[in-house]
Amino acid sequence: MSNKKTKINFLPWGETPERERGHIISVKNLVKKYGDFYANDHLSFDVYKGEIFGFLGANGAGKTTAIRILCGLSSPTSGEIKVAGYDIYTQTEKVKNNIGYMSQKFSLYEDLTVSENIQFYGGIYGLPSKTVKEKEKQLLEKLELTSSKNKLIAGLPLGWKQKLAFSIAILHDPKIVFLDEPTGGVDPITRRKFWDLIYEAANGGITVFVTTHYMDEAEYCNRVSIMDAGKIEALDTPENLKKQYKAKNMDEVFVKIAR
Amino acid sequence: MKTILYILKKEFRQIFRNKTMLPMIIVVPLVQMLVLVFAANLNLRKIDVVVVDHDLSEASRQLVGKFDGIPFFNLKGANFSIESAEEKLEAGKAEMAMVIPPNFERKLIRENHSSLQLLINAIDGNSAQLIYAYSQAIISGFNKTLVADWKGIAEFSPPVSVDIAENYWFNKELDYKWYMAPGILAILVTVIGMFLSGMNLVREKEMGTIEQLNVTPIKKYQFILGKLIPFWVIALLDLALGLFIAKLAFNLPIVGSLWLLFGFAGLYLVSVLGLGLLISTLSNTQQQVMYVSFFFMMLFILMGGIFTPVESMPSWAQEVDRVNPIYYFMRIMRMVVLKGSGFFDLLEEFFSLLALGILFIGLAIWRYRKTA
């Protein structure tokens, strides 16, 4: 059932139990229809502050549709949706100030340098230029990109671009970051490193909402929801889901749910 | 406000890094001014004429000599058969054939009256009429000298006539280049502005970068202004470059105020760029922008009166021109550059462009959706 309350006892990071942290996203009966087709069929779920929430599903299950609605890139047909405590219909701009987004299509400016991209997005979010400079320095050191800061994005390997895109998506310290299949098309080692960044952001207090269809990545999430044909079929911690479906790993869980 | 500055910084960086955009900005005005202005020549010169002289008399030679004497006509040798002259007309090797019948001179002397035939290629009706008018002028001049030479009455009783002292205002030497240059300049800023801005916005859609912008708290008007201002500046610089070339290359007189000209150009560009941006907010690919912009450009330019006077268009077309920004700007360009018109002579144009600018920019901002 989609709005089944879950018992959380799996807390690898953060000290406070999620339920006490409160909801940062709450979705009730989200519907998105294209003609007669339900891309999102009455979705209801809550995301706790500070957790890594995995949004799983086969291609075409409706993950991207839902994430785009939560980010304000698409409007829902109906439903009550609050993101970062703001209503997505009426407080769109407040929502946007508090979220970061990284789409599955790589979307930094290829014809700008690493440094110029950082400065542009920092500026757009209204960060003071001093802050942007400090953040840029930290970020470049962390990603070991300092020597490449004046290179055009176009010349960087995909894995670096994605790490950079993620870092830029959280440059303005959003409350939530939405990642839509952030690790598509990169090797397992780079994916692992990417998840290190996600953990780091989560530890810094940013809630992470991530869609993926890599089942090993699902294991890294605090909770996962599994979508099939526009509906949420399961929502729990990976541990509980594996128990519930008597599966060895998330792969089996997924196959059992999505058939 | 600061947000717009960040967008502008980014846009200019991208423009100056773009290897096709930069040459476009510099080469287009050069080519348009130096090639198009000459190519869009409405004056007729060196009209190829074949003469079929069956008379071979003094009178006929005199007449042919008159045609040979002016640069408007270019005599392409004599023929003795009408058929071969007709062949030349058909093959496009001559624009006119003049057929002088046998006994041309004898008839003139005996009957005071004679006739000849002009065959004129009339595919372009305007040129045909012009060729005819020129020929007629030459032949009537020939008539006059005949009367004077043969009858000798010219000295005693000159024929009653009205002399015309013509004075061509605003373009004394009827230099077509001076007429075309302001029009071509109007097209230049239109092409630069409309295409570059439209293509640029839709490129963000194609690359997917627009999504990243749409999740930021950026305001719609900030985004549209950020896309408009760079190309507004570039188009005005191109206008300056174009005027400079026109001044150097064919000494275009700029009678009116340059400030006024650039002020109007700035106002005009807001509506053209607004239209370009509106088209690109409605499109998803650069091809779509190209096709739709091209359609409007063709329509606006040809109806705007660059080649043909708007006054001679059907009245419905003149009504359509009320929403055609190029129509106003074409008039402004020619009036300010050639005639030296001031702001108060152009009030109608001013308010019309202002209204169109607000309309198109408003529509572009309204149509730009951060939420699909």
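Residues numbered from 1 in each chain as written. Chains lettered and ligands numbered in written order. Predicted model: local features only at pLDDT ≥ 70, side-chain atom pairs only at ≥ 80, totals over all residues. Heavy atoms only, no water.

Undergrad: I'd like to hear about the overall build of chain B, residue by residue, with values.
TA: Helix and strand content of chain B: 14 helices and four strands. Whereas a compact globule of 372 residues would reach a radius of gyration of roughly 21 Å, chain B reaches 28 Å, over 25% beyond that. Expressed along its principal axes, the backbone C-alpha trace of chain B runs to roughly 95 × 45 × 40 Å. By the burial criterion, 47% of the 372 residues in chain B qualify as buried. For chain B, the proportion of contacts with a sequence separation of at least 24, taken over those separated by at least 6, is 78%. Surface summary for chain B: the accessible area is close to 19,200 Å², and the carbon and sulfur share equals 64%. The averaged location of the 30 negative side-chain charges in chain B is 16 Å from the averaged location of its 33 positive side-chain charges. (Helix = DSSP H or I, 4+ residues; strand = E, 2+ residues; numbered from the N terminus. Rg over C-alpha atoms; globule rule 2.2 N^0.38 Å. Buried < 20%, exposed > 50% of the residue type's maximum accessible area, 1.4 Å probe, protein only. Contact = heavy atoms within 4.5 Å. Areas by Shrake-Rupley, 256 points an atom, 1.4 Å probe, with all protein chains shown as cover. Lys, Arg positive; Asp, Glu negative; His and termini not counted. Charge placed at Lys NZ, Arg CZ, Asp CG, Glu CD.)

Undergrad: Tell me about the pairing of strand E2 (residues 73-79) of chain B, and please be specific about residues and values.
TA: Residue and element names in this part refer to chain B. Direction of pairing for strand E1 (residues 47-53) relative to E2: parallel, over a ladder of five bridges. Residue pairing in the sheet places Ile47 in a bridge with Phe73 of E2. Note on the crossover from E1 through helix H3 (residues 58-68) to E2: the handedness is right-handed. (Pairing = 2+ DSSP bridges. Right-handed = clockwise from strand over helix to strand, strands pointing away.)

Undergrad: I'd like a description of unusual backbone geometry, backed by residues and values.
TA: Positive phi is not limited to glycine here, since Asp173(A) has a value of about 50°. The residue Asp173(A) is located in the loop between helix H6 (158-169) and strand E7 (176-180) in this model. Overall, Asp173(A) belongs to the exposed group, its relative accessible area being 53%. Phi at Asn251(B) is positive, roughly 50°, even though this residue is not glycine. Locating Asn251(B) in the fold gives a position in the loop between helix H9 (220-250) and helix H10 (258-282).

Undergrad: Provide a residue-level description of the interface of chain A and chain B, including the pertinent values.
TA: Taken together, the contact pairs 32 residues of chain A with 25 residues of chain B. Buried area between chain A and chain B, summed over both chains or domains, comes out near 2,600 Å², and the portion from carbon and sulfur atoms is 54%. On the chain A side of the interface with chain B, the three residues burying the most area are Leu73(A), Tyr109(A) and Ile124(A), jointly 22% of the side's total. Summed over the shared surface of chain A and chain B, the number is five salt bridges. Salt-bridge contacts for Lys370(B) lead to Glu93(A); the nearest nitrogen and oxygen are separated by 3.6 Å. Across the chain A-chain B interface, the total number found is 10 residue pairs in polar contact (both at pLDDT 80 or more). Where the side of chain A that touches chain B is concerned, the elements lending two or more residues are helix H3 (92-97), strand E6 (99-102) and helix H4 (114-124) of chain A. (Buried area = accessible area lost by both parts, 1.4 Å probe. Salt bridge = Lys/Arg side-chain N within 4 Å of Asp/Glu carboxyl O. Polar contact = N/O pair within 3.5 Å; in protein donor to acceptor, adjacent residues only side chain to side chain.)

Undergrad: Just give me the short version of the sheet that holds strand E1 (residues 23-34) of chain A, but keep the residues and values in it.
TA: Residue and element names in this part refer to chain A. What the four strands build is an open sheet, ordered E2-E1-E4-E5; its pairing is antiparallel. Both outer strands of the open sheet, strand E2 (37-48) and strand E5 (86-87), are each paired with one neighbouring strand and no more. Direction of pairing for E1 relative to strand E4 (residues 78-83): antiparallel, over a ladder of five bridges. For Val27, the partnering residue across the bridge sits in E4 and is Ile81.

Undergrad: Lay out the nonpolar core in plain terms, naming residues and giving numbers.
TA: In this structure, Ile118(A), Leu164(A), Phe166(A), Met250(A) and Met33(B) are the most contacted members of the largest nonpolar core, which totals 130 residues. With 16 residues, the top contributor of residues to this core is helix H7 (residues 176-207) of chain B. Setting aside residues up to four positions removed in sequence, Met250(A) forms contacts with Leu56(A), Met215(A), Ala218(A), Glu219(A), Val224(A), Ile226(A), Pro238(A), Leu241(A) and Lys242(A). Membership of the second largest hydrophobic core comes to 31 residues, among which are Phe55(A), Ala66(A), Ala84(A) and Phe178(A). (Core = buried A, V, L, I, M, F, W, Y, C linked by side-chain atoms within 4.5 Å.)

Undergrad: Before we move on, can you summarise the side chain of Glu136(A) with the specific residues and values?
TA: Topologically, Glu136(A) is positioned in helix H5 (residues 129-142). Although Glu136(A) lies buried, it forms no salt bridge, and the closest oppositely charged side chain, Lys149(A), sits 4.9 Å away as judged by the N-O distance.

Undergrad: How would you summarise a negative patch on the surface if you had to cite specific residues and measurements?
TA: Residues and elements named next belong to chain B. A grouping of Glu83, Glu86, Glu87 and Glu90 is seen on the molecular surface, where their side chains present a negatively charged patch. Structurally, the position occupied by Glu90 is in helix H4 (residues 82-90). On the basis of relative accessible area, Glu90 is assigned to the exposed category, the value being 72%. (Patch = residues over 30% accessible without salt bridge, like charges linked within 9 Å, V, L, I, M, F, W, Y side chains within 5 Å.)

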